[in-house]
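Read off the chains here:
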Amino acid sequence: QGAEEPAVYYLQAGRAARAGRDEVARQIWWQTGGAFEETAAGLLLDGIIEYRSGNAAVAVDRLSQLSRMQPGNDLARVLLARALVANGEANVAIRLLLPLAGRPDASPYVLVLTGRAYEQLGQRDRAAPLLDRASAMTGGTAGASPALVLLDDGGRMERPDDLVQHLRGLFRQGSVSE
């Protein structure tokens with residue numbers, strides 16, 4: 001009943017989303033009363049919930065706001081690009097991804113996502129080198145970022161524990177900010 005209630009709901013929504021229970025996460029998220037709607041953490045959580053719920057256009061809106069708020073946040077840029085590809089806006093996603101994909105330390109995920117965006121545009125000749133590069137780095141196992149894996153028909157994520165490991169790695173690298 002105190003001022004901390006929205007924070008409790010936010011944390012519970014985050015836990016539900018991490019567990020792949022996106023409808024539960026959404027219901028809890030609404031109980032925050034919009035307290036985190038314009039914060040980086042709130043935009044991130046809402047964007048992920050919307051994306052995984054199949055609402056790519058809403059996810060694009062939320063993740064665009066996050067990217068504008070934190071222009072140096074590469075994770076926000078990648079998440080936005082993923083939502084853009086899902087929303088059929090690969091041309092916009094490629095503009096966001098090319099600076100990251102062109103780096104020598106580009107992650108296999110960024111390379112695959114950029115390649116898939118080119119494929120969506122029918123530019124397989126541009127996709128192939130990126131996908132080959134990612135495959136060489138991962139032994140052919142490059143896949144979707146765990147935070148953005150859509151749920152199967154049973155409402156389960158294939159490997160829900162990957163998100164925790166992914167986020168821990170980002171925190172260790174200092175790649176996640178408020």
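Model, not experiment: these values are computed from the prediction.

> Which parts of the structure should I look at to understand the nonpolar core?
Across soluble globular proteins, nonpolar side chains show a tendency to be buried alongside one another. With 34 residues, the main nonpolar core has Leu-63, Val-78, Leu-97 and Leu-113 as its most contacted residues. Looking at this core, the elements with two or more residues in it are α3 (40-52), α4 (56-69), α5 (74-86), α6 (90-101), α7 (108-120) and α8 (124-138). Element by element, the count of residues in this core is highest for α5, at nine residues. Residues in contact with Leu-97, not counting those within four places in the same chain, are Val-78, Ala-81, Val-110, Leu-113 and Thr-114. Counting residues in each nonpolar core, the second largest holds 10 residues, with Tyr-10, Ala-16, Ala-25 and Leu-45 among its members.

> For this particular structure, what's the right way to read the side chain of Gln-65?
Structurally, Gln-65 can be placed in helix α4. Residue contacts for Gln-65: discarding those within four places in its chain leaves Glu-38 and Leu-43.

> Even after reading the chapter, I still don't get the packing of aromatic side chains, so can you show me in this structure?
Given two aromatic rings, one states the distance between the centres and the angle between the planes to describe the pair. Overall, the coordinates contain two aromatic pairs when judged by the stated rule. Through pairs of rings, three or more aromatic residues link up here, namely Tyr-10, Trp-29 and Phe-36.

> It is not clear to me how the pattern of salt bridges should be interpreted in this structure. Could you clarify?
As a working rule, side chains carrying opposite charge can pair if their charged atoms are close by. Evaluated as defined, the whole model comprises nine salt bridges. For the salt bridge of Asp-46 with Arg-62, the shortest nitrogen-to-oxygen distance reads 2.9 Å. Of this pair, Asp-46 sits in helix α3 while Arg-62 sits in helix α4; the two residues are 16 residues apart in sequence, bridging distant segments of the chain. Owing to a relative accessible area of 8%, Arg-62 belongs among the buried residues under this scheme. Connected through shared salt-bridge partners, Asp-74, Arg-77, Arg-103 and Asp-105 make up one network.

> How should the side chain of Gln-70 be read in this particular structure?
Examined against the element boundaries, Gln-70 turns out to sit in the loop between α4 and α5. For Gln-70, a relative accessible area of 11% corresponds to the buried category. Within polar-contact distance, the side chain of Gln-70 engages the side chain of Asn-73 at 2.7 Å.

> What exactly am I supposed to notice about the environment of Arg-26 here?
Structurally, the position occupied by Arg-26 is in helix α2 (residues 22-30). With a relative accessible area of 8%, Arg-26 lands in the buried category. Residues Arg-26 and Leu-45 lie 19 residues apart in sequence; the distance between their C-alpha atoms is 9.5 Å. Residues within four places of Arg-26 in sequence aside, it is in contact with Ile-49, Glu-50, Ser-53 and Asn-55.

> Explain the packing of helix α1 (residues 5-18) against α3 to me, please; I cannot follow it from the model alone.
Geometrically, a packed helix pair is captured by the angle between its two axes and the distance between the axes. Between α1 and α3, the shortest axis-to-axis distance is 11 Å and the interhelical angle comes to 35 degrees. Note that α1 runs across α3; the crossing there is left-handed. Every residue of α3 that contacts α1 at Tyr-10, Ala-13, Gly-14, Ala-17 and Arg-18 is listed here: Ala-41, Gly-42, Leu-45, Ile-49 and Arg-52. Of the residues contributing to the contact of α1 with α3, the split by class is six nonpolar, two polar and two charged.

> Can you help me understand the packing of α6 against α7 in this one?
Remark: α6 packs on α7, axes separated minimally by 9 Å, with the N-to-C direction vectors making an angle of 145 degrees. Regarding α6 and α7, the two cross each other, and that crossing is left-handed. The segment α6 lies against α7, with Ala-90, Ile-94, Leu-97, Leu-98, Leu-100 and Ala-101 engaging Val-110, Leu-111, Leu-113, Thr-114, Ala-117, Tyr-118 and Gln-120.

> Just to check I follow, could you spell out α2 for this structure?
An α-helical turn contains 3.6 residues, so any two residues separated by three or four positions project in the same direction. For α2, the full list of buried residues reads Asp-22, Ala-25, Arg-26, Ile-28 and Trp-29. Buried residues along α2 cover an arc of 165 degrees about the axis, so they all sit on one side. On its buried face, α2 sits against α1 and α3.

The rules behind the values
- Residues numbered from 1 in each chain as written.
- Predicted model: local features only at pLDDT ≥ 70, side-chain atom pairs only at ≥ 80, totals over all residues.
- Heavy atoms only, no water.
- Core = buried A, V, L, I, M, F, W, Y, C linked by side-chain atoms within 4.5 Å.
- Buried < 20%, exposed > 50% of the residue type's maximum accessible area, 1.4 Å probe, protein only.
- Helix = DSSP H or I, 4+ residues; strand = E, 2+ residues; numbered from the N terminus.
- Contact = heavy atoms within 4.5 Å.
- Phe/Tyr/Trp six-rings, centres within 6.5 Å; stacked < 30°, edge-to-face > 60°.
- Salt bridge = Lys/Arg side-chain N within 4 Å of Asp/Glu carboxyl O.
- Polar contact = N/O pair within 3.5 Å; in protein donor to acceptor, adjacent residues only side chain to side chain.
- Axes fitted to C-alpha atoms, helices over the stretch in contact; angles between N-to-C directions.
- Left-handed = near helix turned anticlockwise from the far one by under 90°.
- Nonpolar A, V, L, I, M, F, W, Y, C, P; charged D, E, K, R; others polar.
- Arc of directions from axis to C-beta.

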